[in-house]
Amino acid sequence: RRRGEVPEAEARQETVAFFGELCQRIENHGTCFCFEPLGPKDTDFINSALKSLSIAEEINHPAVRVQLDAKALIENDEAVAATFTAVAPMLVHYHANEPGLNVLGSSGMIDHKALGGMLREIGYDGFVSIEQRMLNADSPLDNVAASVRVLQACY
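Here's what I pulled together on the structure shown here. (Residues numbered from 1 in each chain as written. Predicted model: local features only at pLDDT ≥ 70, side-chain atom pairs only at ≥ 80, totals over all residues. Heavy atoms only, no water.)

### Observations concerning the side chain of Arg-65
Inference 1: Counting through the fold element by element, Arg-65 comes out in strand β2 (residues 64-69).
Inference 2: One buried charged residue, Arg-65, remains without a salt bridge, the closest side chain of opposite sign being Glu-57 at 8.7 Å.
Inference 3: Among the polar contacts made by the side chain of Arg-65, one reaches the main-chain carbonyl oxygen of His-61 at a distance of 3.4 Å.
Inference 4: Every residue in contact with Arg-65, bar those within four places of it in the chain, is listed here: Cys-32, Phe-33, Cys-34, Phe-35, Ala-56, Met-90 and Val-92. (Helix = DSSP H or I, 4+ residues; strand = E, 2+ residues; numbered from the N terminus. Buried < 20%, exposed > 50% of the residue type's maximum accessible area, 1.4 Å probe, protein only. Lys, Arg positive; Asp, Glu negative; His and termini not counted. Salt bridge = Lys/Arg side-chain N within 4 Å of Asp/Glu carboxyl O. Polar contact = N/O pair within 3.5 Å; in protein donor to acceptor, adjacent residues only side chain to side chain. Contact = heavy atoms within 4.5 Å.)

Okay, structure coming up:
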């Protein structure tokens, strides 16, 4: 998430080497690691779906794939069909979320219907999960139910 003072090329090299070795050790476990690109506020490493794809392709192992995140797609200016098409062969998980991990559809910044359409266009049939923080401790499921309705309507 944070590479700090480590140059990006060196961080990438370390990542590829680490996961290359790790994959050899877990080949028979059925485990899949996903690189999830995040926005610049959340990380200073892997801020692009295409970068995450490139790293996964370099590692070249079925235990390493790509995850997309609705909020990050918007923050990284990647909420376009070309991004979805590029990552399609490696995409195994998708986070439907909002800035601040609020209720889906609450910010007006994320077009979940369009993003869901792009997933359908590439024939994606993998996992789509709501990523949301608890917003009301007294009635936590009310907000989850609101997000589920958006998820069902859009994805």
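### Let's talk about the packing of aromatic side chains
Inference 1: Within this structure, the stated rule accounts for four aromatic pairs.
Inference 2: Taking 5.1 Å as the distance between ring centres and 70 degrees as the angle between the ring planes, the aromatic pair formed by Phe-19 and Phe-35 counts as edge-to-face. Taken together, the residues span a long stretch of sequence, with Phe-19 in helix α1 (residues 8-26) and Phe-35 in strand β1 (residues 33-35) at a distance of 16 residues. The two residues Phe-19 and Phe-35 agree in class, both being buried.
Inference 3: Aromatic side chains Tyr-94 and Tyr-155 sit 5.3 Å apart centroid to centroid with 45 degrees between the ring planes, which places their arrangement in the tilted category. Of this pair, Tyr-94 sits in strand β3 (residues 91-96) while Tyr-155 sits in the segment after α6 (140-154), placing them 61 residues apart in sequence.
Inference 4: Assessed through its relative accessible area of 23%, Tyr-155 is described here as partly exposed.
Inference 5: Aromatic rings pair up to connect Phe-18, Phe-19, Phe-33 and Phe-35 into one cluster. (Phe/Tyr/Trp six-rings, centres within 6.5 Å; stacked < 30°, edge-to-face > 60°.)

### As for the sheet that holds β1
Inference 1: Spatially, β1-β2-β3-β4 is the arrangement adopted by the four strands of the open sheet, whose pairing is parallel. In this open sheet, the two strands that pair with only one neighbour each are β1 and β4 (127-130). This sheet shows a mean twist of 30 degrees between the axes of neighbouring strands, independent of strand direction.
Inference 2: Sheet topology note: the β1/β2 ladder contains three bridges and is parallel. Directly across from Cys-34, in β2, lies its bridge partner Arg-65.
Inference 3: With respect to the sheet, helix α2 (residues 49-59) is in contact with β1 and β2, its orientation differing from that of β2 by roughly 170 degrees. (Pairing = 2+ DSSP bridges. Axes fitted to C-alpha atoms, helices over the stretch in contact; angles between N-to-C directions.)

### Details of the environment of Asn-143
Inference 1: Looking at the element boundaries, Asn-143 is found in helix α6.
Inference 2: Once the C-alpha coordinates of Asn-143 and Ser-129 are considered, the two residues, 14 residues apart in sequence, prove to be 15 Å apart.

### Concerning the nonpolar core
Inference 1: The biggest cluster of nonpolar side chains holds 32 residues, and the ones touching the most others in it are Ile-59, Leu-68, Phe-84, Tyr-94 and Leu-115.
Inference 2: At the level of secondary structure, the elements contributing two or more residues to this core comprise α1, α2, β2, α3 (70-75), α4 (81-87), β3 and α5 (112-121).
Inference 3: Contacts of Tyr-94, omitting those with residues within four sequence positions, involve Gln-67, Leu-68, Ala-70, Leu-73, Phe-84, Leu-115, Leu-119, Tyr-124, Phe-127, Val-128, Ser-129 and Tyr-155. (Core = buried A, V, L, I, M, F, W, Y, C linked by side-chain atoms within 4.5 Å.)

### Focus on the environment of Pro-62
Inference 1: As for its position among the elements, Pro-62 is in the loop between α2 and β2.
Inference 2: You can call Pro-62 exposed: its relative accessible area is 57%.
Inference 3: Residues Pro-62 and Thr-31 lie 31 residues apart in sequence; the distance between their C-alpha atoms is 9.3 Å.

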